Structures are given as structure tokens and as C-alpha cells.
Amino acid sequence: MNNFAYAKATDVNQASAQLNGSTQNKIVAGGTNINDLLKYFVTQADKLVDINPIIDNHTITQLDNGGVRLGALVTNADTAYHPIIERDYPLLSKAILAGASAQIRNMATNGGNLNQRTRCYYFYDVNTPCNKREPGSGCSAIKGYNRIHAILGQSESCIAVFPSDMCVALAALGATVNITGPDGDRILAFADYHRLPGDTPHIDNNLKHGEIITGIDLPAKGFEKNYSYLKLRDRASYSFALVSVAIGFDLDGTIISEARIALGGVAHKPWRVSEAEDFLKRKKATRENFAAAADIILQGAVGYEHNNFKIPLAKRAIIRNCMMALNPESQRPGAQPSL
Amino acid sequence: MTKLPSIGQPVSRLEGRQKVTGSAKYAGEYNVSDLLYGYVVNSTITKGKITAIDTSAVKALKGVEAIFTHENRPSTAWFDLQYADMDAPPGTVFKPLHDNKIKFNGQPIALVVAQDFETARYAATLIKFEYEEEAFITGLVTNLDKAHEPKKGLATMLKPPPPPPVGDFEKAYSCAPVKVAAQYTHATEHHNPLEMYASTVVYEGKGKLTIYDKTQGTINSQLFVANVFGLHYKDVRVLSPFVGGGFGSGLRPQYQLFMAVMASLELKHNVRVTLDRSQMFTFGHRPQTVQNLRFAADAEGNVTAMNHSGIGETSSYEDYAEILTSWSHMLYPAKNTLFEYDLVSLDLPTPIDMRAPGGVSGMHAIECMMDELAYELKMDPLELRLKNYSETDPSTGKPYTSKALKQCYLEAAEKFGWDKRNPQPGSMQRGNKLVGYGMATGIWDAYQFPARVQVILTKEGKLILHNATTDIGTGTMTVMTQVAADEIGLPLEDITFDYGDSKKPFSMFQGGSAITSSTGVAIVAVVKELKKKIIKKAKGIKGSPFSDIKDEDIIFKDGAIALRSNPELALSFKDIMTLIKETELKAKKMAGPDVLKLKNYSKATHSASFVEVEVDKELGTITVTRAVTAVAAGRIINPKTARSQVLGSMIWGISKALHEETILDENLGKYMNANLGEYHIPVHADIHDLDVIFADEKDELINELGIKGVGEIGLVAIPAAIANAIYHATGKRINSLPIHFDALL
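Residues numbered from 1 in each chain as written. Chains lettered and ligands numbered in written order. Predicted model: local features only at pLDDT ≥ 70, side-chain atom pairs only at ≥ 80, totals over all residues.

Regarding the overall build of chain B
Here is step 1 of the chain: Tallying secondary structure elements over chain B gives 17 helices and 29 strands in all.
Here is step 2 of the chain: Against the 2.2 N^0.38 benchmark of 27 Å for 745 residues, chain B shows a C-alpha radius of gyration of 27 Å, consistent with a compact globule.
Here is step 3 of the chain: Overall, chain B is about 80 × 80 × 50 Å in size when its C-alpha atoms are taken along their principal axes.
Here is step 4 of the chain: Across the 745 residues that make up chain B, the buried fraction comes to 58%.
Here is step 5 of the chain: The long-range share in chain B, meaning contacts at least 24 apart out of those at least 6 apart in sequence, stands at 83%. (Helix = DSSP H or I, 4+ residues; strand = E, 2+ residues; numbered from the N terminus. Rg over C-alpha atoms; globule rule 2.2 N^0.38 Å. Buried ≥ 20, exposed ≤ 12 C-beta atoms within 10 Å, placed from the backbone. Contact = placed C-beta atoms within 7 Å.)

The structure is reproduced here in C-alpha cells:
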């Protein structure tokens, strides 16, 4: 880790101002990812701006439109166990609790969750080529050990995946991201927050330097009756998803009136395909229809030497999790498969 | 006060409180004064030469005391032999900072010494190395054509090559009515003890050093330091009272010891060098292996022919060997055998023994092959083992000193409920989960090394025992105290087992599940010697009631000697010591295996594991829902610490079968998951119902205590049992470990 300056910000304007001056001025909140990045020399910081003192962003509040605002600095654990979230957005709660470890969730913040970086092995090893870490140096993963890598939306320059569980649920719920910065406030739809790698894999998302996430808004609809989060991985806890699926259904008897399906562990961002959700609208909640929706979602999927399995696995995971969402009480701790 | 006999009682670790309260100090925690901190720099290329070193950025840094590289290192021993520790395989031992050659990625190439750890670590990142890179090979499977016969050397004594062929395998195999063949591959594993390697070197002046070292062998480290740095061995004291796990990685001195001693002698200063987690992946590991097996049987299920050919990985400079392919003939009496073992030299560090080295990898292949054979024969897998059960060792024709494997099979099978198994793969289901039952056999050697113990009876009538062994977390200190307690007739509270110190009488390194028998037998021998002295002294006391009593009519009980026929007539140790006016009574004795007697026998520990798995029908996810392991390891000194050993082994078995692998990128020639986030070992949620049974095995031949050791045997049968259970659940044979669930899609 290189030496860096440390500053505290007590409001968002101050934070924004502190970030000025160098693109290597970085925000620290929970520190559960950036500390690793600094230790591994993946990220160099001139200054760390500690935004924990910003009081406004530490709460979860019910909004007038029936939705809920998650303060950016509320921890993942406090969010997952918040009575409103448990009651109205259990999909989000389950997804958060499927991620990381209890200790990490106690530190990690909601804003930080959106801004965490990939866990691609090559990205973390500064002695290997990696376009995300060092643009133009090449991608070691494409011909390397790519078991954990992307099958959708990847590019020739990067096949990394975005590692969050929480964000898969936020994508499914259709959350919005509240941002403030030198040019004022703006709101991004969740789908527009994270980017695909293209030929600029070093840019993970559309947050500009100097901007800060103040909160995440959940719409009124929480799919609390029919939802499920499924996470498939190499051990039962404390490992990233090879494939994860977040599902929310509105059901009218056996007919789907609205469907939300988002995938994690397969792309550079949570993967949501509106055509598949539209396909399920006004259809019967059957395996066959779920399979057809899965095919739509996975159109164009491409695997590599070690992750080809993700394509059939994702299809099966989607179908299974749709079935689980019909019986949400069947869900098991750690988002393990059930039924 | 504890009751005697102590042997057989589930005594909790005597040092447990120290460990859980943090007062137990580990090698990197001794806060001696004026300590300097070293941090090791590791090569970022896999093979080649260092062509230039630029340290200019470091020199400007405040707090940096010294930088050592091959260019300025002090002169050390010239001959390989002097670097060769007690566990060095044949070859040319790796000498840190010796020259500019790079032999593996992560090779230690410099040491930065600074006034604090953080400065040293930071400075280490500022040194710039220029390299001339050379082509390298690191993958085993892709380089099998380069296999060679392992070199022979001293280590070959403990790890002999496979026995010569018996009968005519090829002929027997080709004519056999029932035969199976398969290839098995294993990924690399790293030991990853929780405590990372560290050495705190106290510079005592005049070429004298006291070293707190993380090691499994204090004397091994002591002799290594003395030999390499030209010191008198009496001037080097290595202490290692607490070791936070070793699993074999501490059988050889690791490079932090060399670095810390070098810096201490050169700077005439106290120096500590601690490795970090990623550096824990820059030395020994369990090697990749590829094994080809062919087994045949007659129509009745008698195994007639066994071929086991294994290829392991070694470094470019040493030939590390394991006993990989010799095990099947210690179990099954085939008349035709062909066993081979070769090595491929790769540009990686030399592997080092990891818990049940060779055994767990070889037995995985053997016991999966036996399972296939059982299916081919349409025979129950357990029945096949019983059909081919041999009371003697078929590979030598000698009887075993004891072999309670049959009890292991039967007791574990009953506890598990093996009789409820429908043999048809995929026939047992629970909801949408396929349920599989699998079983396998385990076998491991029963080693005993020579050991010397000194015993002191104090004037308070208490006992102190001295021996150089470590306690790598296995409970050694506790069980040694129990052995001594029963022999002398004192409660545990009155006995101190003083260990983990090279100054104390000889012990081999703690490996091979051998220390309980090695040191235990020496304790019995030396305490017997002491007892003779006590009797002699007691008889010499003026007016002693024992003066005319024969030695064999005197017993030791409750801290006293007493008359066998009338135990009321007793004289306490304390009173004896007061009456003879001596401050202590001492005895010292070396003991070892009875080689002459044992050469007529084979010796081994055995186990049987039964495992249930659930496999999700569509998704392939695997859960080991329960496992039962029965172990036959002679007499169990402490059923609590022994059970912990077997439980830990079983979890490791689950880990090896399903989780654990160091990911090697052959393009880059390096490991890619050198951290505990991505190097997967099971978490609590992966571990369910585990059951341990100790078979009643009386062994009056193996040694005086009837001990065989339990450190490794619990691991051996688990991976095959899991793989066999997965086959039973799914009908799929996955022969490559670890088994990823997607292999079942």
C-alpha cells in the first residue's frame, strides 16, 4: 500500500470538494473492498475521503410514493435485517445475506456495494496483464483460468464479472440510484448504473469522479409474496456466485402479471432482459414458460474453457428459482437451492 | 485432581486456556526489545535470471536498516549438504539469495529490514528488479512425457519406491473375466495453517542465537541454522512451544528462518521475519498427481491383478517423492501386481508432505477403482472389501502387529446404516435430491522414531519431563502428560511436559503421526528408569520400611511408593526427597522402535469411512450430509484430542474431495488464488453430521504403549468415499479432485 492522505467529510458537498484535485482521490466508507485494492496495489490513492461522518445517509426511510430509500451508508447487515426490508423487500434481504460473511456485511455499506470491483484473480495480481487494471495490457483470463468469468455482455478486452449479490436483487426490483456531485443531483435507473466492459473495462460504472451515491430508492412494489434468491457457488458461504438468480413475480392465480428476473455472476453487471420478463407476462407460471424465458435471457451467451458450464447451469438455475419463487417459504439459508 | 489411569480419559487440552485467552505466544509474537523487522521480496517471474536490482527508492526511506539480495548477502555454507535439513529430498536443496537464478514464481529474492514491519513491507515494494525471462513448465498433466524415475537419497528410507512387480500383471489382466481401468487427477493443495511462518531471532552476541520459530521440528531448524551459518549447534536454540498448525509444511525449515538469521547475524541485532498469507503459497505444497489404475478380479470377486502407475510433481532442483502407488497390496491379496511411480520436474517450489502425503491421493484412486470393480462384479462395495480382506500384509506376507480393519468396516457400516443402501445408482432420492452412499478404506503407516526424554523428580515430589518435540496443535503436550501420569502414579497437575525447545533431549520433527508413539514410549522408558532410582533411594533411607522389599513388590501410586501387598504402607515422593536431602532425581533415556522384533511384522493404521451425499438433480450441487469414520489405531491415549484429530481430518477429506485447490495458471506459471478468500476450504455451512468411532484394537507388538498414531488416518478414506457416494447418487464417475458440482450437470 502506498502512502495516502486521509480526510473526513461531514456532508456530501464537502466530500465532493475533497475528491477534487486528483482522480486518485477515493472514497472510503466500509472499506471492505478498497482496503484490499490498496493493499494489493490494484488501486493507488492520493487521498482517501472518509464519508462515514455524513449523517444524512445512515438511515432507511419510507418514501411518500410507497417506496423506501436506503441510505448509502447504511450497512448491508442493517439493511438486510431492517423490519421494513424484511417485510416488504425480502428478496433484497435474502440476496444481501447470501453475500460475503457476517463480519463483512457488518462493515460494508449499500453505496459501497454498488462500487465494489470484480474479484477476477488477474485483476488482483498486479504482475499479470489485465485491461481493467491497466488498460491496453491484455486480458489474462480469456485464455487463463476463467471458471468465475462472464458468459454474457463480455468483450474481447474483459470477461470479468460484477460480484455483488445485493445488486442482483436491486436490479430485479428496479431500484434507482441517487447521486450528487459538483453538477448537482441526478438519478440513474439501476440498469444504467453499471456498464458493460466494451473497450473501456477499467470503467465499472457511470458514477463520475467527484460524484457520490447518497442513497438507493426502492419502488413501492417489493414482490414480497413471490420472490426468491438462488446462489450457486463452490462452497455454502463466503464465496462469490458462479450463477445467481433474483426473481420477483406478481401472480394472478397461476397467471404471471409481472415478472422480474436478474442474474448475477454471469456478466459485468447484473443481467436483466426485459424481453424475457415481457414474455412471461400474462402467461401461466409453468416450467415450460420459465425455460422459454431462460432461453431468451441467455441468448448470445458465450463460454470459455473453464466456464462453459455456466450456460446450462444458468438456464437450470433460472427455472429452479422461478419454481422456488412460487413457494418462497422453501428458501434455505445462504440462498442454496431448495424444492 | 484428575483420576488415574489417565490414559483413555477425554482430557481437555492442558494449554487450552492459554490458547483461547491469547496468552499462548506464537513465533511471530515474541516482543523482544530492539527488534528489527524483515519483509521478504518474492520473484514475479517464473524462470530466468535477475539482471539488475535498483534499490535507490528504498535508500531514501526513513527506517530502513538493510536490504539483502544475492548481490550482497553474507557468505553462507558452500555445500548443499549443509543446507539439507532432516526432511530434504534427494537433489540440490534450494538456497535463498544464493545467486541470480529464478527457479519458481514467488521465489524469495530479497529481504528488507526496517525498524517496523510496515516500513519493511512498503520498502519491499519499491525495489525494482529487472529479469531475463526463460520458458517454463508448471502443469503436470501437460508434461507427463517428461516423467523420470525419482532420485534416491536419505529420504528414500522413509519413503521407499514401489515394490517390484509380482506375478504377471499384463497376462492376468488380459485374461481376467472382470476388469476396470481409470485415470485420476489431483489438483495442488497448500497447507495454509492459520499461523503464518515467522521467526523471531534474538541475537545473544558472540555467535549465539535464540530463535522463536514456527516449525514442526525444533532440532531440525537448529541444525539447519548451525550448518548454514557455521555456528556451533549448542549456540543455536530454537523454541517453538506453540504452533498454529503445520500439516507437514513445517517439516522443513522455511525460508523466513534463513532470512531472519542471516539479517540478525549480519546486523548483530534482534530480527523478526513474518510471511504474509500470499507468501504461504511460495513454498511446499501437496503435489499435483496423475494416476492410472487397472484392477481385475475373478468371477467370484477375488482381486487378481492390480496396476497402479502414478506420476507426481516435483521441482527442478529436488526430487520430492511420496508413497502414492504402493498401498493397494497392503490391503488386497492380488497375485499379480505392477506399481510404478515417477516424477515430472516443474518450475515450481519443491512439494512438501501434507497430511497423509501420498496416502490420501493414492487411496482415493485405489478405493474408487475398488468401487468400480464392485459394480462390475455386481457386488456390494463393502462385501468386495471383506471378500478380499487379508489378516496378513499381502505385499510382504508378514502378519500385521494388529489389524482391526474388519471391525472398522462393520461398526461404521452399522452406525451409518449401510444396509439401507439400494445399490442401483440414482435409485435413492429425497425430494429433488439424489442420495448417494459411498464407502472407502483408509490405511496409513504406524511410524515410530527414536526419541530421548529427560525426567526430573523435584523435591516437591513433582515430575518434569523434557523433550524437544513440538505440539502442532494435536494435543501432544496433553497426551504426553497423561502417559507420564499413569507410569509414575501422579495426577496430571503434578506433571509438567516441557517441550518445543531444541535444547531439550532429541525428538524428530513432528510428522507421520509418529510423535505420540515416539515420545510416549521414551517417556515410559525414562520414567521406569526414574522409578528404579526412586526405589533405590527409598531403600537407602535409614530405617526404610522398603529396604528388604523386592523391587517388583513396590508400586507407584498417588505420588508415593507403596507396598503392593499393603498399599497403606507408603512413602511419598516428597518425603523421600526430604529424607534423602536431594533437590532432584534425574533420569535420561533414549527409546526407539524394537526393530528386531518389528522386522517380522507389517504395521499400519486402518480406517473405514461411510459417506452420504445429496446431489441436486438439476443443478448438481453436492452436500456431504453425513459421514462416519471408524479408525483402528491401536490404543487411544486421549479420546477427545484423538477425536478432534479425526474430525479435522474428515473435514479436510471433504475439502480435498469438493473444495480445495490451488489454481495454477500454466500460461503465467503461477498460482492465482493465493489467499483464503479464493482458496476454498469448507465453511461451517458445508459441514454436517460427522461421527468418529475408535475400533478396539489391542496391539501388544507395535510398542510398549500399543500406540499407532491418529494424526492422518482420518483423512485417507474420505475423498474416495465421497466420490463413490456421488457415483451412487448420480451414476457419474468424477475422477478429478476437487469435484466441482458443474461436473454433474
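A word on the overall build of chain A
Here is step 1 of the chain: Helices and strands together make up the secondary structure of chain A, namely 13 helices and twelve strands.
Here is step 2 of the chain: Taking 339 residues into account, the globule formula puts the C-alpha radius of gyration at 20 Å, and chain A, at 19 Å, falls close to it.
Here is step 3 of the chain: For chain A, the spread of C-alpha atoms along the principal axes amounts to about 60 × 50 × 35 Å.
Here is step 4 of the chain: For chain A, with 339 residues in total, the buried portion stands at 55%.
Here is step 5 of the chain: Across chain A, contacts joining residues at least 24 apart in sequence account for 65% of those joining residues at least 6 apart.

Here's the deal with the domain arrangement of chain B
Residue and element names in this part refer to chain B.
Here is step 1 of the chain: Looking at chain B, the domain boundaries give domain 1 (27–135 + 193–276), domain 2 (143–189 + 285–447 + 599–744) and domain 3 (449–592).
Here is step 2 of the chain: Here domain 1 and domain 2 have C-alpha centroids that lie 36 Å from each other.
Here is step 3 of the chain: The partner domain 2 presents 22 residues to the 18 residues of domain 1 that form the contact.
Here is step 4 of the chain: When grouped by side-chain class, the residues that make up the side of domain 1 that touches domain 2 number eight nonpolar, six polar and four charged. (Domains from an automatic or database assignment. Nonpolar A, V, L, I, M, F, W, Y, C, P; charged D, E, K, R; others polar.)

Thoughts on the sheet that holds strand β1 (residues 5–8) of chain A
Residues and elements named next belong to chain A.
Here is step 1 of the chain: Strand order in the open sheet made by the three strands is β1-β3-β2, with parallel pairing throughout. Looking along the sheet, the strands with just one partner apiece sit at the ends: β1 and β2 (25–28). Neighbour-to-neighbour, the strand axes of this sheet turn through a mean angle of 25 degrees, independent of strand direction.
Here is step 2 of the chain: Strand direction decides the pairing type here: β2 and strand β3 (residues 47–50), joined by four bridges, are parallel. Directly across from Lys26, in β3, lies its bridge partner Leu48.
Here is step 3 of the chain: Against the sheet, helix α1 (residues 12–19) contacts β1, β2 and β3, and its axis sits at roughly 175 degrees relative to β3. (Pairing = 2+ DSSP bridges. Axes fitted to C-alpha atoms, helices over the stretch in contact; angles between N-to-C directions.)

Observations concerning the interface of chain B and chain A
Here is step 1 of the chain: In this complex, chain B contributes 24 residues to the contact, which on the side of chain A involves 25 residues.
Here is step 2 of the chain: Residue composition of the side of chain B that touches chain A, by class: eight nonpolar, ten polar and six charged.

Observations concerning the nonpolar core
Residues and elements named next belong to chain B.
Here is step 1 of the chain: In terms of nonpolar packing, the biggest core is built from 332 residues, with Val112 and Ile722 touching the most fellow members.
Here is step 2 of the chain: Residue contributions to this core peak at eleven residues, all from helix α12 (residues 515–540).
Here is step 3 of the chain: Residue contacts for Val112: discarding those within four places in its chain leaves Gly38, Tyr39, Val41, Val58, Val64, Ile67, Ala120, Ala123 and Ala124. (Core = buried A, V, L, I, M, F, W, Y, C linked by C-beta atoms within 7 Å.)

Concerning the UniProt feature "domain: Aldehyde oxidase/xanthine dehydrogenase a/b hammerhead" (unreviewed entry) in chain B
Here is step 1 of the chain: According to UniProt, the "domain: Aldehyde oxidase/xanthine dehydrogenase a/b hammerhead" (unreviewed entry) feature falls on residues 21–135 of chain B.
Here is step 2 of the chain: The distance separating the terminal C-alpha atoms of residues 21–135 of chain B is 50 Å; by composition the span is 15% helix and 31% strand. (UniProt positions renumbered as here; feature names shortened; annotations may be inferred.)

Focus: unusual backbone geometry
Here is step 1 of the chain: With an omega dihedral of 0 degrees, the bond running from Leu4 of chain B to Pro5 of chain B counts as a cis peptide bond.
Here is step 2 of the chain: One can find Pro5 of chain B in the segment before α1 (16–21).
Here is step 3 of the chain: Residue Leu737 of chain B is joined to Pro738 of chain B through a cis peptide bond whose omega torsion reads 0 degrees.
Here is step 4 of the chain: Tracing the backbone shows Pro738 of chain B in the segment after β29 (736–737).
Here is step 5 of the chain: Within the chain, Arg282 of chain A stands out as a residue other than glycine whose phi angle is a positive 65 degrees.

Digging into the pairing of strand β10 (residues 236–239) of chain B
Look at any regular strand and the pattern is simple: side chains alternate between the two faces of the sheet.
Residues and elements named next belong to chain B.
Here is step 1 of the chain: The alternating pattern of β10 places Val236 and Val238 on one face and Arg237 and Leu239 on the opposite face, and all of these are buried.
Here is step 2 of the chain: Relative to β10, strand β9 (residues 208–213) runs parallel, the two sharing four bridges. Bridging from a neighbouring strand, Tyr212 pairs with Leu239 of β10.

Observations regarding the packing of helix α11 (residues 476–488) of chain B against α12 of chain B
Residues and elements named next belong to chain B.
Here is step 1 of the chain: Contact geometry for α11 and α12: axes closest at 9 Å, N-to-C directions at 30 degrees. One way to sum up the angle between α11 and α12 is to call them roughly parallel. As α11 runs across α12, the sense of the crossing is right-handed. Residues Thr476, Val479, Met480, Val483, Ala484, Glu487 and Ile488 of α11 touch α12, and the partners they reach there are Ile515, Thr516, Thr519, Gly520, Ile523, Val524 and Val527.
Here is step 2 of the chain: The class makeup of the residues in the contact of α11 with α12 is nine nonpolar, four polar and one charged. (Parallel < 35°, antiparallel > 145°, perpendicular 65-115°, else oblique. Left-handed = near helix turned anticlockwise from the far one by under 90°.)

Points about the UniProt feature "domain: FAD-binding PCMH-type" (unreviewed entry) in chain A
Here is step 1 of the chain: Mapped onto this numbering, the UniProt entry gives "domain: FAD-binding PCMH-type" (unreviewed entry) at residues 1–223 of chain A.
Here is step 2 of the chain: Annotated as residues 1–223 of chain A, this span is 27% helix and 17% strand, and its ends, taken at the C-alpha atoms, are 44 Å apart.

Remarks on the environment of Cys408 of chain B
Residues and elements named next belong to chain B.
Here is step 1 of the chain: Examined against the element boundaries, Cys408 turns out to sit in helix α10 (residues 405–416).
Here is step 2 of the chain: Looking at Cys408, the number of C-beta atoms within 10 Å reads 27, which means it is buried.
Here is step 3 of the chain: Separated by 201 residues in sequence, Cys408 and Ser609 have C-alpha atoms that sit 8.5 Å apart.

With respect to helix α17 (residues 718–730) of chain B
Residues and elements named next belong to chain B.
Here is step 1 of the chain: Here α17 contains 13 residues, and its C-alpha end-to-end distance of 18 Å stays within 8% of the 18 Å for a straight helix at 1.5 Å per residue.
Here is step 2 of the chain: Burial analysis of α17 places 13 of its 13 residues in the buried class, which makes it a mostly covered element.
Here is step 3 of the chain: Gly731, located one to two residues past α17, shows a positive phi value of around 75 degrees. (Expected span 1.5 Å × (residues − 1).)

Side note on the environment of Gly205 of chain B
Here is step 1 of the chain: Structurally, Gly205 of chain B is set in strand β8 (residues 198–205).
Here is step 2 of the chain: Put simply, Gly205 of chain B and Pro719 of chain B are 514 residues apart on the chain and 51 Å apart in space, counted from C-alpha to C-alpha.

Focus: helix α9 (residues 166–173) of chain A
Here is step 1 of the chain: Along α9 of chain A, eight of the eight residues are buried, which leaves the element largely enclosed by surrounding structure.
Here is step 2 of the chain: Once α9 of chain A finishes, Gly174 of chain A follows within two positions and takes phi at roughly 70 degrees, a positive value.

Brief notes about the pairing of β8 of chain B
Here is step 1 of the chain: Within β8 of chain B, six of the eight residues are buried, leaving the element largely enclosed by the surrounding structure.
Here is step 2 of the chain: Where β8 of chain B folds back on β9 of chain B, the antiparallel hairpin that results is connected by two residues, among which Lys206 of chain B adopts a positive phi of roughly 50 degrees.

As for the sheet that holds β9 of chain B
Strand-to-strand pairing in sheets goes through backbone hydrogen bonds, with the strands running parallel or antiparallel.
All names here are of chain B.
Here is step 1 of the chain: The strand order across the open sheet built from seven strands is β3-β5-β1-β11-β8-β9-β10, with neighbouring strands paired in mixed fashion. Strand pairing shows two members of the sheet lacking a second neighbour, β3 (64–69) and β10, which therefore form its edges. On average, each strand axis in the sheet is tilted by 20 degrees relative to the strand beside it, whichever way the strands run.
Here is step 2 of the chain: The pairing of β8 with strand β11 (residues 270–274) spans four bridges and is classified as antiparallel. Across the sheet, Ala198 pairs through a bridge with Thr274, a residue of β11.

Quick word on the packing of helix α15 (residues 639–658) of chain B against α17 of chain B
The packing of two helices is summarised by the inter-axis angle and the distance between the axes.
Residues and elements named next belong to chain B.
Here is step 1 of the chain: Between α15 and α17, the shortest axis-to-axis distance is 8 Å and the interhelical angle comes to 50 degrees. Between α15 and α17, the angle falls in the class oblique. Handedness of the α15/α17 crossing: right-handed. Contact residues: Met650, Gly653, Ile654, Lys656, Ala657 and Leu658 in α15; Ile718, Pro719, Ile722 and Ala723 in α17.
Here is step 2 of the chain: Among the residues forming the contact of α15 with α17, the class breakdown is eight nonpolar, one polar and one charged.

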